[in-house]
Amino acid sequence: MNLKYKAAYLFAIIAFFSLKSCDILEKYELPEEGSIPDATPPMAKFTFKQGEGLGDIWKTYTFSNQSISATSYVWTFENGKTSTELEPSNTFPGEGTYSVSLTAKDNLGVESTFTEEITVVEPAAPAVTDPVLINPDFDKQAKSSGSDCACAGWINKSLGDQGESSSGNGSDVVKFDNDESDAIYQEFEVQANADYTITIVTQFKDLTSGGSFPSMLELRVLAGSAYVSGYSPAYYATAAEYPQNGFGYTSIPQVEDPANNLLVNVLNNPNDSGYLTTQYSFNSGANTSVALFIRGIGGDGTDADNKGYPYNNGDEELRIDSVVIEAQ
């Protein structure tokens, strides 16, 4: 073989092995200098909590990101809604099952996706408890000052004279004397937008022969939103702790404002001197505190014993044996 062909043959062999070496290097490419394998790839994970409170807050869920080894996040909720926050919240349209996904990525571009099916259910309404009244049976007991009285726990001298102790129906009762400005008042906690029933046991003395002003018993449930400005109600454990004036409602015009009343009812003399049971219902509306105010009315308002209040009882005594308030 002459020199010319030898050179061509040698060049072909070199070219062949050069191409094979490139293929091998490409197939078994070595890592860049100083690089290390991703020993801690990301792992996406989350937990969630349903909102608690009034209204539609139950539709809103907050998400707690439990991912590891990640630096960026993409959340996908229903209908294509997304978020890149670390721990977002999402308000779902309503009850149903919704898929929520979290994709977590690290700085090397490695991704992990975690998906959870969330069943959204409106919680059952919390049970409404019965309000707590102090001395609902009008037992003669200590009050914040003065002698023991069946009116203990029920005094508000800004609105009326305190009812008096008496006996009847086999126990103590509170009495509203004829022609006097006697009343009882107490504040108590309620649950907003709940229904309640008031059961009251009363006695009217016989209609006075020839009396011109028959007695009537007026019952009002007053909204806590109209308490005297700056007042925060306190709920006491005993009757002796209750103040006697200057709290809650402090004037009769405030009491008689229709906007402040959740319930107004007047019980006329039934011409029956027995103890009778009457029920009334009210809704608490937006209030979490209300006041119960009961007074005798029907008098002419001019008796010297009305002590400056703009009302008085009629010609017959009234008695209250008990008051019970229950959630419906």
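Please refer to the structure higher up on the page.
Residues numbered from 1 in each chain as written. Predicted model: local features only at pLDDT ≥ 70, side-chain atom pairs only at ≥ 80, totals over all residues. Heavy atoms only, no water.

Help me understand the side chain of T197, please; the structure alone is not making it clear to me.
With respect to the helices, strands and loops of the structure, T197 is situated in strand β12 (residues 195-204). For T197, the side chain forms a polar contact with the side chain of Q328, separated by 2.6 Å. If we skip the residues at most four places from it in the chain, T197 touches Q279, Y280, S281, V324, I325, E326 and Q328. (Helix = DSSP H or I, 4+ residues; strand = E, 2+ residues; numbered from the N terminus. Polar contact = N/O pair within 3.5 Å; in protein donor to acceptor, adjacent residues only side chain to side chain. Contact = heavy atoms within 4.5 Å.)

Is there a simple way to explain the pairing of strand β13 (residues 216-223) in this structure?
Within β13, seven of the eight residues are buried, which leaves the element mostly enclosed by the surrounding structure. Where β13 lies against strand β16 (residues 289-297), eight bridges are found, and the strand directions are antiparallel. Across the sheet, residue L219 finds its bridge partner in β16, namely I294. (Buried < 20%, exposed > 50% of the residue type's maximum accessible area, 1.4 Å probe, protein only. Pairing = 2+ DSSP bridges.)

Can you help me understand the environment of E189 in this one?
Mapped onto the elements, E189 comes out in strand β11 (residues 182-189). Expressed as a C-alpha distance, the spacing of E189 and A234, which sit 45 residues apart in the sequence, is 9.4 Å.

Please explain the nonpolar core as it appears in this structure.
As a rule of thumb, nonpolar side chains are buried together in soluble globular proteins. Counting 31 residues, the largest nonpolar core has I198, L292, I294, I320 and V323 as the members making the most contacts within it. Of all the elements in the fold, those that place two or more residues in this core are β10 (171-176), β11, β12, β13, β14 (261-268), β15 (276-283), β16 and β17 (318-327). Membership of the second largest hydrophobic core comes to 17 residues, among which are A44, Y61, Y73 and F92. (Core = buried A, V, L, I, M, F, W, Y, C linked by side-chain atoms within 4.5 Å.)

Would you explain empty space enclosed by the protein in this entry?
To find leftover empty space, one rolls a probe the size of a water molecule over the atoms. Inspection of the entire model under this criterion finds one cavity of 30 Å³ or more. Its volume calculated, the largest cavity comes out at about 30 Å³. Class assignment of the residues belonging to the lining of the largest cavity gives a composition of five nonpolar, three polar and one charged. (1 Å grid on protein atoms, 1.4 Å probe; cavity = no way out; pocket = protein on both sides within 12 Å on 5 of 7 lines; lining within 4 Å. Points joined across faces, edges and corners; volume = space filled by probe spheres on them. Nonpolar A, V, L, I, M, F, W, Y, C, P; charged D, E, K, R; others polar.)

Teacher, can you tell me more about the sheet that holds strand β7 (residues 111-120) here?
Strand pairing in a sheet relies on backbone hydrogen bonds, with the paired strands running either antiparallel or parallel. Ordered in space as β4-β3-β6-β7, the four strands form an open sheet in which the pairing is antiparallel. The two strands at the open ends of the sheet, each matched to only one other strand, are β4 (82-83) and β7. Where strand β3 (residues 72-76) and strand β6 (residues 96-105) come together, five bridges link them in antiparallel fashion. Residue pairing for β6: Y73 is matched across the bridge by A104.

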